[in-house]
Amino acid sequence: MSQIQNYLNEFTLKGYSTEYENFFAALNQLDLTPADTSAKNQLINNAKSLADYFNTLTTNLRNVQADANNEIKDAVQQINSYAKNIAALNRQINQIEANYGNANDLRDKRNAMIDELSEIVNLETSEEDMGNNVSNFSVRINGQTLVSSYSYNTLETVARTDKKNYSDAEGLYDVQWNSGQKFDMYSTSLSGHLKGLIDIRDGNNGEHENIETDDNGNNVTDSDGNLVLTTAPAADKTVSYKGVPYYQAQLNQFIQTFVSSINEILTKGVTSDGSASGIPLFVMSDGSKALTASSVTVNQDLIDNADLLATKYKESDGEANTSLIVDLINSKDAKIYDGGTGTYFLESIVSDMSIDSQKAVNLYKNYTDLKTSIHNQRLSIMGVDTDEEAMDMIKYQQAYNLNSKMMSVMNQIYDKLINQTGI
């Protein structure tokens, strides 16, 4: 959440809100000099800067998702390693205690492993007396058996063939048991480090973002022929947390609405000299299937020739006619972003991020304090109090000295009584 906050921090960075404002500032300048090529170039450059910023932002978010994905794989490998070691310790402990030996050191080592494993995933342990000083120690993670006496199960990560969300990074892992038994990654009871990573990587607020289809199953396209993305409640189990997929979907929604409103106006107009029809300002990058925050870019034809930018609606209109540019400027205040303006929609993304990030910080702090309190109580029972041990050492030392003096006095008494008393 701290990484996401850094990328979406509009309060300390000149982020997408600034780029958005700069775009409309360039439109205001073009409204003053609609036939000026330099003013058109300024608008196109600002549009390119806006598109590049969203491209970089989504790349950064996808990197956060990919990092979390790799950490999930590492967490699964750690779980498997602990399972193997705990099963081996179970065997060693039973072998020693069956011969009436003391395996306290091994039990302490196993307890330490249980502590470390419990940071990764929620678990339960049980130990059943089997007789003859032999016990069956078992570990269950999220309600499923990981270790049972000397045997253990392992988890594995399998790369997805299909994305759950359109903007997901490639090759995200699903977690399952090697035995083929299902491991419920999205269980509400799952907790620990693994749960946190899954929330960040797959958190989509209970929805999936995919290509929209009609009743016949055909892909829906917009007026420019771009595939349209839609966000809908997930049909299967998913994560209600707002992680990377949620913010990717929000940015995609903004770009699709923004680009559609700008291109729709421009394609209805003509160039300032009336020689050509208007063309879209924003397009998809080569090889993309849908217009998203990662694929949006500026039309190369306009970069090469700024005079191809439409500035008026009719050929008969004079170069000074700016009705089309005014409509572009007014689109900033149009309430087409979920019933609000573009500025409000961008601010709401920042607000969501700030609230969720603060919740994460508060949760971490509260549970860290609780953990410290429990740990201190635990140490008061099993640990060593250095102050108390020092006091005891002094006390026992003084007692020893007093006993030594008493023995010396008694020795003198017996010596006087027996050896020096005459008959």
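See the structure above.
No experiment lies behind these values; they were computed from the predicted model shown. (Residues numbered from 1 in each chain as written. Predicted model: local features only at pLDDT ≥ 70, side-chain atom pairs only at ≥ 80, totals over all residues. Heavy atoms only, no water.)

Asker: Tell me about the overall build of the chain, and please be specific about residues and values.
Answerer: If you tally the helices and strands in the chain, you get 10 helices and 12 strands. Since a compact globule built from 423 residues should have a radius of gyration of about 22 Å, the 35 Å found for the chain marks it as more spread out than a globular shape. Viewed in the frame of its principal axes, the chain has a C-alpha envelope of about 150 × 50 × 35 Å. Residues counted as buried form 39% of the 423 residues belonging to the chain. Considering only residue pairs separated by 6 or more positions, the chain has 65% of its internal contacts joining residues 24 or more positions apart. Surface exposure of the chain reaches about 23,200 Å², of which carbon and sulfur atoms provide 49%. (Helix = DSSP H or I, 4+ residues; strand = E, 2+ residues; numbered from the N terminus. Rg over C-alpha atoms; globule rule 2.2 N^0.38 Å. Buried < 20%, exposed > 50% of the residue type's maximum accessible area, 1.4 Å probe, protein only. Contact = heavy atoms within 4.5 Å. Areas by Shrake-Rupley, 256 points an atom, 1.4 Å probe, with all protein chains shown as cover.)

Asker: Quick one: what's the story with the side chain of asparagine 136, residue by residue and with numbers?
Answerer: Along the chain, the position of asparagine 136 falls in strand E2 (residues 134-141). Separated by 3.1 Å, the side chain of asparagine 136 and the backbone nitrogen of serine 149 make a polar contact. The residues touching asparagine 136, leaving out its near neighbours within four places in the chain, are Ser126, Glu127, Glu128, Met130, Ser148 and Ser149. (Polar contact = N/O pair within 3.5 Å; in protein donor to acceptor, adjacent residues only side chain to side chain.)

Asker: Describe helix H2 (residues 16-32), naming the residues involved and giving the relevant values.
Answerer: Given a rise of 1.5 Å per residue, 17 residues ought to cover 24 Å, and the 25 Å separating the end C-alpha atoms of H2 matches this to within 8%. Among the residues of H2, Tyr16, Glu19, Tyr20, Phe23, Phe24, Ala26, Leu27 and Leu30 are the ones counted as buried. Buried residues of H2, seen end-on, are gathered within an arc of 145° and therefore sit on one face of the element. (Expected span 1.5 Å × (residues − 1). Arc of directions from axis to C-beta.)

Asker: For the packing of aromatic side chains, give the residues involved together with the corresponding values.
Answerer: Between two aromatic rings, the relevant description is the distance of the centres plus the angle of the planes. Summed over the entire model, instances satisfying the criterion amount to 15 aromatic pairs. Here the aromatic rings of phenylalanine 23 and phenylalanine 282 are separated by 6.1 Å at their centres, their planes lie at 45°, and the arrangement is tilted. One end of the pair, phenylalanine 23, is in helix H2; the other, phenylalanine 282, is in strand E10 (residues 282-284), with 259 residues separating them in the sequence. Residues phenylalanine 23 and phenylalanine 282 agree in their burial class; the two are buried. Ring geometry for phenylalanine 254 versus phenylalanine 258: centroids 5.7 Å apart, planes at 5°, classification stacked. In this pair, phenylalanine 254 and phenylalanine 258 both sit in helix H6 (residues 244-266), 4 residues apart, roughly one turn of the helix. The burial state of phenylalanine 254 is the same as that of phenylalanine 258; both residues are buried. Geometry around phenylalanine 137 places arginine 110 over its ring, the cationic atom sitting 3.8 Å from the centre. (Phe/Tyr/Trp six-rings, centres within 6.5 Å; stacked < 30°, edge-to-face > 60°. Lys NZ or Arg CZ within 6 Å of the ring centre and 35° of its normal.)

Asker: Quick one: what's the story with the pairing of strand E3 (residues 144-148), residue by residue and with numbers?
Answerer: With 4 bridges connecting them, E2 and E3 associate as antiparallel partners. When the bridges of E3 are listed, valine 139 appears paired with valine 147. In this antiparallel pair of consecutive strands, E2 and E3, the connection spans 2 residues, and asparagine 142 shows a positive phi of 50°. Here 2 bridges tie E3 to strand E4 (residues 151-152), and the two strands are oriented antiparallel to one another. Residue pairing for E4: serine 148 is matched across the bridge by serine 151. (Pairing = 2+ DSSP bridges.)

Asker: Outline the environment of threonine 292, listing residues and values.
Answerer: Here threonine 292 lies in the loop between E10 and strand E11 (296-298). Put simply, threonine 292 and glutamine 256 are 36 residues apart on the chain and 6.7 Å apart in space, counted from C-alpha to C-alpha.

Asker: With reference to specific residues and values, describe the environment of lysine 73.
Answerer: With respect to the element layout, lysine 73 can be found in helix H3 (residues 37-98). Overall, the relative accessible area of 32% leaves lysine 73 in the partly exposed class. Expressed as a C-alpha distance, the spacing of lysine 73 and glutamate 156, which sit 83 residues apart in the sequence, is 8.1 Å. Those residues in contact with lysine 73 that lie beyond four places of it in its chain are Thr157 and Tyr173.

Asker: Describe the nonpolar core, and please don't skip the residues or the numbers.
Answerer: In this structure, Tyr16, Phe23, Phe258, Leu281 and Phe282 are the most contacted members of the largest nonpolar core, which totals 88 residues. If you tally residues by element for this core, the top one is H3, at 22 residues. Not counting the four nearest positions on each side in its chain, phenylalanine 23 is found in contact with Leu43, Asn46, Ala47, Phe258, Ile262, Leu281 and Phe282. (Core = buried A, V, L, I, M, F, W, Y, C linked by side-chain atoms within 4.5 Å.)

Asker: Talk me through the packing of H6 against helix H8 (residues 323-330); I want residue IDs and the actual numbers.
Answerer: At a minimum axis separation of 10 Å, H6 and H8 run at an interaxial angle of 170°. It follows from the interaxial angle that H6 and H8 lie roughly antiparallel. Contact residues: H6 offers Ile262, Ile265 and Leu266, while H8 offers Leu324, Asp327 and Leu328. Residues belonging to the contact of H6 with H8 are distributed by class as follows: 5 nonpolar, no polar and 1 charged. (Axes fitted to C-alpha atoms, helices over the stretch in contact; angles between N-to-C directions. Parallel < 35°, antiparallel > 145°, perpendicular 65-115°, else oblique. Nonpolar A, V, L, I, M, F, W, Y, C, P; charged D, E, K, R; others polar.)

Asker: Help me get a handle on unusual backbone geometry, residues and values and all.
Answerer: Not every positive phi belongs to a glycine, and asparagine 132 is a case in point at roughly 60°. Tracing the chain through its elements places asparagine 132 in the loop between strand E1 (123-131) and E2. The phi dihedral of aspartate 338 falls on the positive side, at around 55°, and the residue is not glycine. Note on placement: aspartate 338 falls in the loop between H8 and helix H9 (342-382).

Asker: Outline the sheet that holds E1, supporting the account with residue identities and numerical values.
Answerer: On the basis of which strands lie adjacent, the open sheet formed by 4 strands has the order E1-E2-E3-E4 and antiparallel pairing. With one partner strand each, in any of the chains shown, E1 and E4 form the two edges of the open sheet. Lying on the sheet, helix H4 (residues 104-120) is in contact with E1, E2 and E3; it crosses E1 at an angle near 155°.

Asker: Give a detailed account of H6, specifying residues and quantitative values.
Answerer: Given 3.6 residues per helical turn, the α-helix brings residues three or four places apart onto the same face. With 23 residues, H6 extends 33 Å from end C-alpha to end C-alpha; this agrees with the ideal 33 Å at 1.5 Å per step. Counting buried positions along H6 yields 20 of 23 residues, so the element is predominantly enclosed.

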